[in-house]
Amino acid sequence: MTATLDLVRHTLIETLELQHPPEDLTADTPLFGALPELDSFGVVALVTALEERFQITIDDDEFGADLFETVGSLTEFVDAKLTA
């Protein structure tokens with residue numbers, strides 16, 4: 001999960017233009033509701049960036065608050081998509 005976590009953190013920072021160093025975003029860092037940058041437009045931009053970076057497809061029915069709950073939940077989702 002570490003390699004995926006690093007890539008997810010960098011994708012979050014780049015896409016949402018966060019002013020956090022990657023190490024500040026741990027698996028327990030809350031996302032949706034905690035980061036003002038992760039609004040509805042931010043979610044769309046982030047999903048697009050994740051799809052491009054990891055060569056995955058995220059279907060509309062996979063969107064939910066639990067997916068964007070924490071950096072860890074997002075990373076676990078990406079890992080599951082990569083192994084599917």
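The notes below deal with the structure included here. The structure displayed is predicted, hence computed values, not measured ones. Within each chain, residue numbers correspond to sequence positions counted from 1 in written order. Where totals are concerned, whole chains, interfaces and linings use all residues; where local detail is concerned, this predicted model gives features only for residues with pLDDT of at least 70, and gives and counts side-chain atom pairs only at 80 or more. The side-chain numbers reported here are obtained from all heavy atoms of the structure, hydrogens and water having been left aside.

### Considerations on helix 3 (residues 71–83)
Residues that lie three or four places apart on an α-helix share one face, since the helix turns once every 3.6 residues. What counts, and what does not: Helix and strand definitions here come from DSSP, where helices need a minimum of 4 consecutive H or I residues and strands a minimum of 2 consecutive E residues; each element is numbered from the N-terminal end. What a helix is expected to span follows from its residue count: subtract one and scale by 1.5 Å. Only protein chains enter the accessibility calculation, which uses a 1.4 Å probe. A residue is then buried if its area is under 20% of the maximum for its type, exposed if over 50%, and partly exposed in between.
Here helix 3 is 13 residues long and its end C-alpha atoms lie 18 Å apart, about the 18 Å a rise of 1.5 Å per residue gives. Listed as buried for helix 3 are V71, G72, S73, L74, T75, F77 and V78.

### Thoughts on the pattern of salt bridges
As a reminder, the rule being used: In the sections that follow, a salt bridge refers to a side-chain nitrogen of Lys or Arg positioned within 4 Å of a carboxyl oxygen of Asp or Glu.
Under the criterion given, the structure shown has 3 salt bridges. The partner of R53 in a salt bridge is E14, and the shortest N-O contact between them spans 3.2 Å. Of this pair, R53 sits in helix 2 (residues 40–54) while E14 sits in helix 1 (residues 2–16), and the two are 39 residues apart along the sequence. Relative accessible area serves as the criterion here: at 36%, R53 is assigned to the partly exposed category. Here E62 ties to K81 by a salt bridge, and the two come within 3.1 Å at their closest N and O atoms. One end of the pair, E62, is in the loop between helix 2 and helix 3; the other, K81, is in helix 3, and 19 residues separate them in sequence. For E62, a relative accessible area of 24% gives the class partly exposed. Taking relative accessible area as the criterion, K81 reaches 21% and is therefore assigned partly exposed.

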